[in-house]
Every structure is written in C-alpha cells, then in structure tokens.
Amino acid sequence: MLNSIIWKKVRAAGAANIGIIAPHGVPTPLYQMPTIHSNSGPGLHGTRHPAFRHLIVEDNRVTEHAPILRIEDLSVEFGASRVIENLNLSVSPGKTTAIVGESGSGKSVTSLSVMRLAEMMGATYPSGKIIFEGTTGKTDLLALPQKKMRAIRGKDIAMIFQEPMTSLNPVFTIGDQIAESLILHEGMSKKDALKEGLRLLEMVRLPDAAQLLNRYPHQLSGGMRQRVMIAMALACRPKVLIADEPTTALDVTIQA
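Residues numbered from 1 in each chain as written. Predicted model: local features only at pLDDT ≥ 70, side-chain atom pairs only at ≥ 80, totals over all residues. Heavy atoms only, no water.

Asks: Sorry, what's going on with helix α7 (residues 222–234) here?
Replies: Structural remark: α-helix, 3.6 residues per turn; residues separated by three or four positions point the same way. Taking 1.5 Å of rise per residue, the 13 residues of α7 would be expected to cover 18 Å, and the 19 Å separating its terminal C-alpha atoms lies within 8% of that figure. Summarising burial for α7: 10 of the 13 residues are buried, a large majority. Those residues of α7 that sit buried are G223, M224, R225, Q226, R227, V228, M229, I230, A231 and A233. (Helix = DSSP H or I, 4+ residues; strand = E, 2+ residues; numbered from the N terminus. Expected span 1.5 Å × (residues − 1). Buried < 20%, exposed > 50% of the residue type's maximum accessible area, 1.4 Å probe, protein only.)

Asks: How do you make sense of the side chain of H185 when you look at a structure like this?
Replies: If you trace the backbone, H185 turns up in helix α4 (residues 174–186). Residues contacting H185, with those up to four places away along its chain left out, are R150, A151, R153, G154, K155 and C236. (Contact = heavy atoms within 4.5 Å.)

Asks: Explanation requested: the side chain of R153 in the structure shown.
Replies: Within the fold, R153 resides in the loop between α2 (146–152) and β11 (157–160). The side chain of R153 sits in the buried core without any salt bridge; E119 is the nearest counter-charge, 6.6 Å away. (Lys, Arg positive; Asp, Glu negative; His and termini not counted. Salt bridge = Lys/Arg side-chain N within 4 Å of Asp/Glu carboxyl O.)

Asks: Looking at this structure, I do not really get the nonpolar core. What am I missing?
Replies: A general feature of soluble globular proteins is that nonpolar side chains tend to end up buried together. Ranked by internal contacts, the top residues of the largest apolar core, which has 28 residues, are V114, I130, F132, L141 and I157. Mapped onto this core, the elements with two or more residues apiece are β6 (69–78), β7 (81–91), α1 (107–114), β9 (123–134), α2, β11 and β12 (240–244). Contact partners of F132, with chain neighbours within four places excluded, come to I68, L69, G137, K138, T139, L141, I152, D156, I157, K239 and V240. A193, L212, L220 and V228 belong to the second-largest nonpolar core, a separate cluster that totals 26 residues. (Core = buried A, V, L, I, M, F, W, Y, C linked by side-chain atoms within 4.5 Å.)

See below:
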C-alpha cells in the first residue's frame, strides 16, 4: 500500500501553506486532518493531539490501523536557533494530514528531517523520535546510521523536492537518474531500469518520453522537470511519499 504525503502550497487567510498526505490504493478513506499551528515567531511548535484513533473505511467497515509514520516530540536546531520544537504527528495507511504554517515555519525542514537530509545542512535533533513502520518492523529513523538510512531513502520513503532544477543532477541524463534508484533498490539491470523509466515518464504524461530519457535537466522546462521528479519518487513504489509543493512548477492546466 502506498501512502503518499503531498505538500501543496495553498494561499488562504493568513497566508498559510498546507501540506496534504493523500492516500492511494485504499477504498473510500476517512480523512482525518490534525493541524499543527505556527505560534508567534518562526518555527513549528508541536501541539500534542488527543489520542485519536486512525480510522479508514474498507468494504463499508471502519477499521483501525497503526500509524506507518509517527513523529514524537521532535525538535530541530540549526546552530543556536531552534526552528522546530516538540512536534508531534502521525500518518496511518490511507491517511490524509495537513500541516499549516507561514513561510519559514519549518514545513520543509520537517520533511527533510524524516528523510534524514536536514542534518546535511547542519541540523541537529536535540530531542524526539521519527518512528517508521517498515518491512523489518518499527524503526527510529533518527537512530539509524546513514548507511542504513540510504537503504530506506528512495525505496520505503521517497520525496518530491520543491526545486526540481536544483534537485536533479545536471551532468546525468534523465534516464540515468531515474534508473539509478531502480538499479540500487530493485536490483534491475540497466536495460530494465530504463524501460521502467520510460513507463514512469509516460505515466506522468510527458510527451516524447523515449527522447526525454537521453536529455539533460537543463533541456527541459520547469514543468517537465517537476514531472520527472514525481516519476523518480514513484519509481520504487514507496510506502510513504513526501512531496514538498509538487505542483508549484507545473502549468496551471496540469495543476487542475
């Protein structure tokens, strides 16, 4: 079952950004949307939600599911600045969650922390856990060495980044970049990985997909690069898909 976290920027009263975790492959989900508000000043401040159950509807029956991803009392610091404090949220199979906050409140830092990429920018985690229910059981992602985290990143948890031009490698073709994760995580041959890459590009409705496999990121428009990022993130069928404003660079007609 694929649980996808889609962070979509929405302009509303108070200029809020809304992140949405959207379900796939689950019949008739019952949406539950806990909200984490930004208090005065920058940074997300966690609010401990009541002990709600995680419910979805399957075959007209309401059933309970344990969270596949749970963040507990997470705090993130850059140097002496604490940008996230005591953040709590959870995601269940087929679950939709929204995170609301103004620009700079820590929404992207939260997603990068789940991927263990924020520390590569100098972040530290003075407190908290990120519990992921993977194939080997419950794991605290913050306690994993980077070598083990690389086996999860891209396969079990994937991310569509906000800036496709800076996220794609400019010296490798689109085909090579999609094939890389398939070869690494799925054990495919280069030929099979490129064939699957072609299918993924066609799935996101890129025209002349076969030709795009041999092109470089700078040869694509912003909207095309965004769709390549979506295809790359979906390549290994992750259990959790984090998307940081995945439609920002797309044409308005495609966004609709």
